[in-house]
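One-letter residues, chain by chain:
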Amino acid sequence: MSTIDAIIVAVSIGIVVVVGLLAARKQDKSAKGYFLASGRMPWWIIGSAFVSTSVSSEQIVGTVGMAYQHGMGIANAEWFSLPAYTLVILLFIPIYFRTQVTTVPDLLQRRFGPLCADVYSWVMMVAYVFVFMVPVLYGGTLAFKELTGWPFQAVLWATVVLVGLYTVKGGLASVMWTDAAQCLMLVGGGVLLFFFALNELPGGIAEGWSAMVDANPQRFHLYLPPDDPYAPFLGLLLATVGLGLFYQATNQVMIQRVLGARSRWDGMMGIIFAGFINFLRPLVTCFLGFIVYHWVHELNHHEPFGAKEIDKVFPFALQQFGPSGLRGIILAGFLAAVMSTISALANSTATILSLDVYKKVLRPDADDREVVKAGKMASIFALFIAGAAAPAVQYMGGIFQYFQTGVAFLSVPFISVILLGILWPRANYQGGLFGTVGGVAIAGSAMGIHLYLVNVEGKSIYWVYSAFVAQVIIVIGIILVSLRYPPPDREKIAPFIWRPSILREIQVSEGRPWYQRVTLWFGIYAAIWFTIYITWW
C-alpha cells in the first residue's frame, strides 16, 4: 500500500469505531436497549445492516474467484434474494411483531417448548463462533495480509480488538450504526473499483461490458442446469425453503436487525431496502471476476489462474486496476465487511446466551445490569475463541467448503421446525422436539455422508441437494411424530400461526401515504428483479 492508502484505511476504520462508540453513548442501559436497540432502528439502518452483515471476506474473495472461473451463474448468490425476502416480509415479520419475541429461541419456546429453544440456543452459540465467525475472521485476515503484507497475527488480533471496542460497549445499536457506515464503504468502494477496472478494457466503460459478453456469451447466463456442480438453478430453488430462508428469516444474526426495528413497517421496508442494495452487490463481487477473465483469457495480459488459484483473483484485480487512494478505500471496505459480520455474530451470541440461557436458566432473578454484563462477557469470550481458532481453517479444506457445508446442514433442522410451526397448527411439542434434537442428528449424518461421497468417493454432488434430502426427511418426521401425539392448545399457539388476513394488514401499511406503502416499494423491487432475470436468463 502507498502512504495515502494506509491513511485512508486508518481514518475509515477510525470513523467506524467512533460511530459505534457514539451510538453506545446514546443507547439506554437496559437489556432491551443493549440487545434490541430499544426497538428504535429505522428502515434504512436495518436494510444497510442486513446487507453488510451478510457480505464478508469469504464471500468477496470467493465469489470473485468463482465468477472468474464459472461465469454469471455465481451472481445468483447476490441477486437471488426475492423469494426468501418475500417469505420474510409476508410470513415472519408479521408474526415476530405480533408476538413481540426477542430472539429466535424465544419463538421456539413459546410455540413448541423449552427444550426446542435450548437446542437452538446451544447449537447456534457454538456455530456462530466456530462455523460462522472463525472462517470470516480467517478469510478476512488472510486476504488483508496478502494485500498489505502486514503480519497475519497482527491483522487478526487488531480486527478482534477493534470490533470488541464498540460491540461490547454498545450492543446492537452500535453494531447496526457501524454496519450502516460499513455498508456505504463496502458498496461505494466496490462499485468504484468495478468501473475503474471496466475502464481498463478496450472501449472503456462505454463498450467494455459488451466486449466481454460478445467474447464469451455462454458465460453470461444466470440459469445453470441441475448437474452444474457450483451454481445450479435448481439448487437455488431448493435452498429458498432451506438454507436461504433460514439465513434470512430465522438466523438470530440477521433477524435481530428486524427485531430492533421501531415498527413493523420499518422492518419490512428495511428488507426491501436491502433488496435494492443487493442489485449493486455483484458489482462489488462477481463482476470483477468477469473483467479479470477477459483481461487474462482474451487480452492475454496475464497467465491464467488455475483452479487452486482463483482466490488470488480479487487481490490481483485490486493491484492491477485500483489506483493509489482507491486501493485504500477498497481495503477499508473489505476490512469493514469483516468487522460488520464479526460484530454481528458476537452480538447475537451474547444475545442468545444472556436472554435465553443466563436469564431463563442460570439466573432467572437477574436484573438488567447483570444480564447486560453477562452479554458483554459473552461477546469478549466469543471474539477471543474465534481469534484463537481462526488459523486452524487452513487445515480444513478451504474457506468456502468449510463455511458452506457447515451452514447448509446446520440450517435445515431449525427452518423445518419453525416453518411448520408457523404454517401448520397441528405441529406440536413432540414434533418440534424431533425436528430439533432428531433433526440435528439427521443433518449431521447427512453432512458426513455428503463429505464422504465428495471427498473420498469423488462424487460430484451439489451440497444443497444433500441438505435438501435431509430437510425432507426431517419435515416428514415432524409431521409423523406430531400426528402420533395430541394437538397443541389452539388458543395458546394462535398468535404464532400465519393467516391470509395478514396480507390485508400489510396492504393497509399502518395508515401511511401511498408513496410509503410496502406494496408499492416491494412491487418496484420485484419488477427490477424479474427484469434482471429475464435479461440474463
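Above this note sits the structure.
Anyway, here's the lowdown on the structure attached to this text. A quick note: this is a predicted structure, and the numbers were derived from the prediction, not measured. (Residues numbered from 1 in each chain as written. Predicted model: local features only at pLDDT ≥ 70, side-chain atom pairs only at ≥ 80, totals over all residues. Heavy atoms only, no water.)

1. Here we look at the overall build of the protein chain
No. 1: Assigned secondary structure in the protein chain consists of 25 helices and zero strands.
No. 2: For the protein chain, with 537 residues in total, the buried portion stands at 59%.
No. 3: For the protein chain, the share of sequence-separated contacts (at least 6 apart) that also reach a separation of at least 24 residues comes to 85%.
No. 4: Accessible surface, the protein chain: about 20,700 Å² in total, of which carbon and sulfur atoms supply 66%. (Helix = DSSP H or I, 4+ residues; strand = E, 2+ residues; numbered from the N terminus. Buried < 20%, exposed > 50% of the residue type's maximum accessible area, 1.4 Å probe, protein only. Contact = heavy atoms within 4.5 Å. Areas by Shrake-Rupley, 256 points an atom, 1.4 Å probe, with all protein chains shown as cover.)

2. Concerning the nonpolar core
No. 1: Formed by 169 residues in total, the largest nonpolar core has its most connected members in Phe92, Phe132 and Phe287.
No. 2: The element best represented in this core is helix 8 (residues 114–148), accounting for 19 residues.
No. 3: Leu355, Ala366, Val371 and Ala374 belong to the second-largest nonpolar core, a separate cluster that totals five residues. (Core = buried A, V, L, I, M, F, W, Y, C linked by side-chain atoms within 4.5 Å.)

3. Some details on the pattern of salt bridges
No. 1: Under the counting rule described, the total for this entry stands at three salt bridges.
No. 2: We note a salt bridge from Arg281 to Glu78, for which the minimum N-O separation is 2.8 Å. A residue pair is termed long-range when its members are at least 10 positions apart, and Arg281 in helix 15 (residues 281–284) and Glu78 in helix 5 (residues 76–79) qualify at 203 residues.
No. 3: As a salt-bridge pair, Arg262 and Asp266 come within 3.1 Å of each other at their nearest N and O atoms. (Salt bridge = Lys/Arg side-chain N within 4 Å of Asp/Glu carboxyl O.)

4. Some remarks on the environment of Ile449
No. 1: Tracing the backbone through its elements, the reader meets Ile449 in helix 21 (residues 429–455).
No. 2: Separated by 17 residues in the primary sequence, Ile449 and Ser466 have C-alpha atoms spaced 8.8 Å apart.

5. Some remarks on helix 12 (residues 243–250)
No. 1: Within helix 12, seven of the eight residues are buried, leaving the element largely enclosed by the surrounding structure.
No. 2: Along helix 12, the residues that are buried comprise Leu243, Leu245, Phe246, Tyr247, Gln248, Ala249 and Thr250.

6. Observations concerning the environment of Glu309
No. 1: Counting through the fold element by element, Glu309 comes out in the loop between helix 16 (286–298) and helix 17 (313–321).
No. 2: The sequence separation of Glu309 and Gly65 amounts to 244 residues, and the corresponding C-alpha distance is 8.3 Å.

7. Describing the packing of aromatic side chains
No. 1: Applying the stated criterion to the full structure yields 37 aromatic pairs.
No. 2: Both rings, one in Trp157 and one in Phe384, keep their centres 5.9 Å apart while their planes meet at 40°; by these two values the pair is tilted. Taken together, the positions of Trp157 in helix 9 (residues 152–199) and Phe384 in helix 19 (residues 368–389) put the pair 227 residues apart, joining distant regions of the chain.
No. 3: A relative accessible area of 29% means that Trp157 is categorised as partly exposed.
No. 4: Aromatic side chains Phe194 and Phe287 sit 6.0 Å apart centroid to centroid with 50° between the ring planes, which places their arrangement in the tilted category. Of this pair, Phe194 sits in helix 9 while Phe287 sits in helix 16, placing them 93 residues apart in sequence. Each member of the pair, Phe194 together with Phe287, is buried.
No. 5: One residue, Arg111, lies across the ring of Phe112, its end atom 4.7 Å from the ring centre. (Phe/Tyr/Trp six-rings, centres within 6.5 Å; stacked < 30°, edge-to-face > 60°. Lys NZ or Arg CZ within 6 Å of the ring centre and 35° of its normal.)

8. Observations concerning a nonpolar patch on the surface
No. 1: On the surface, Trp514, Tyr515, Leu520, Trp521, Ile524 and Ile528 cluster together into a nonpolar patch covering about 580 Å² of accessible area.
No. 2: The residue Ile528 is located in helix 25 (residues 518–535) in this model. (Patch = residues over 30% accessible without salt bridge, like charges linked within 9 Å, V, L, I, M, F, W, Y side chains within 5 Å.)

9. With respect to the side chain of Asn251
No. 1: Tracing the backbone through its elements, the reader meets Asn251 in the loop between helix 12 and helix 13 (252–259).
No. 2: Dropping the residues within four chain positions of it, Asn251 is found in contact with Tyr120, Met124, Tyr128, Phe132 and Phe246.

10. Some words on the packing of helix 14 (residues 264–278) against helix 25
No. 1: Running from amino to carboxyl end, helix 14 crosses helix 25 at an angle of 20°, the nearest separation of the two axes being 10 Å. Regarding the angle of helix 14 to helix 25, the classification is roughly parallel. Two packed elements cross with a definite hand, and for helix 14 against helix 25 that hand is left-handed. Contacts from Trp265, Met268, Met269, Ile272, Gly275 and Phe276 in helix 14 reach Val518, Trp521, Phe522, Ile524, Tyr525 and Ile528 in helix 25.
No. 2: The residue makeup of the contact of helix 14 with helix 25, split by class, is eleven nonpolar, one polar and no charged. (Axes fitted to C-alpha atoms, helices over the stretch in contact; angles between N-to-C directions. Parallel < 35°, antiparallel > 145°, perpendicular 65-115°, else oblique. Left-handed = near helix turned anticlockwise from the far one by under 90°. Nonpolar A, V, L, I, M, F, W, Y, C, P; charged D, E, K, R; others polar.)

11. Focus on helix 6 (residues 82–99)
No. 1: Its 18 residues give helix 6 an end-to-end C-alpha distance of 25 Å, which sits within 8% of 26 Å, the value for a rise of 1.5 Å per residue.
No. 2: Phe92 marks the point of greatest bend in helix 6, at about 40°, and the proline Pro94 comes within the next four residues.
No. 3: Counting buried positions over the 18 residues of helix 6 gives 14, a clear majority of the element.
No. 4: Phi turns positive, to about 60°, at Gln100, one or two residues after helix 6. (Expected span 1.5 Å × (residues − 1). Bend = angle between axes of the 7 residues up to and from the residue.)

12. Some words on the packing of helix 16 against helix 17
No. 1: Between helix 16 and helix 17, the least distance of the axes is 10 Å, while the angle of their chain directions is 75°. The angle between the axes of helix 16 and helix 17 places the two elements in the roughly perpendicular class. Each of Leu288, Gly289, Ile291, Val292 and Trp295 in helix 16 lies in contact with helix 17, whose residues at this interface are Val313, Phe314, Phe316, Ala317, Gln320 and Phe321.
No. 2: Looking at the contact of helix 16 with helix 17, its residues break down into nine nonpolar, two polar and no charged.

13. Digging into unusual backbone geometry
No. 1: We note that Gln100 has phi near 60°; this positive angle belongs to a residue other than glycine.
No. 2: Residue position: Gln100 is located in the loop between helix 6 and helix 7 (104–111).
No. 3: Within the chain, Asn300 stands out as a residue other than glycine whose phi angle is a positive 55°.
No. 4: Within the fold, Asn300 resides in the loop between helix 16 and helix 17.
No. 5: Residue Asn300 is classed as exposed on the basis of its relative accessible area of 59%.

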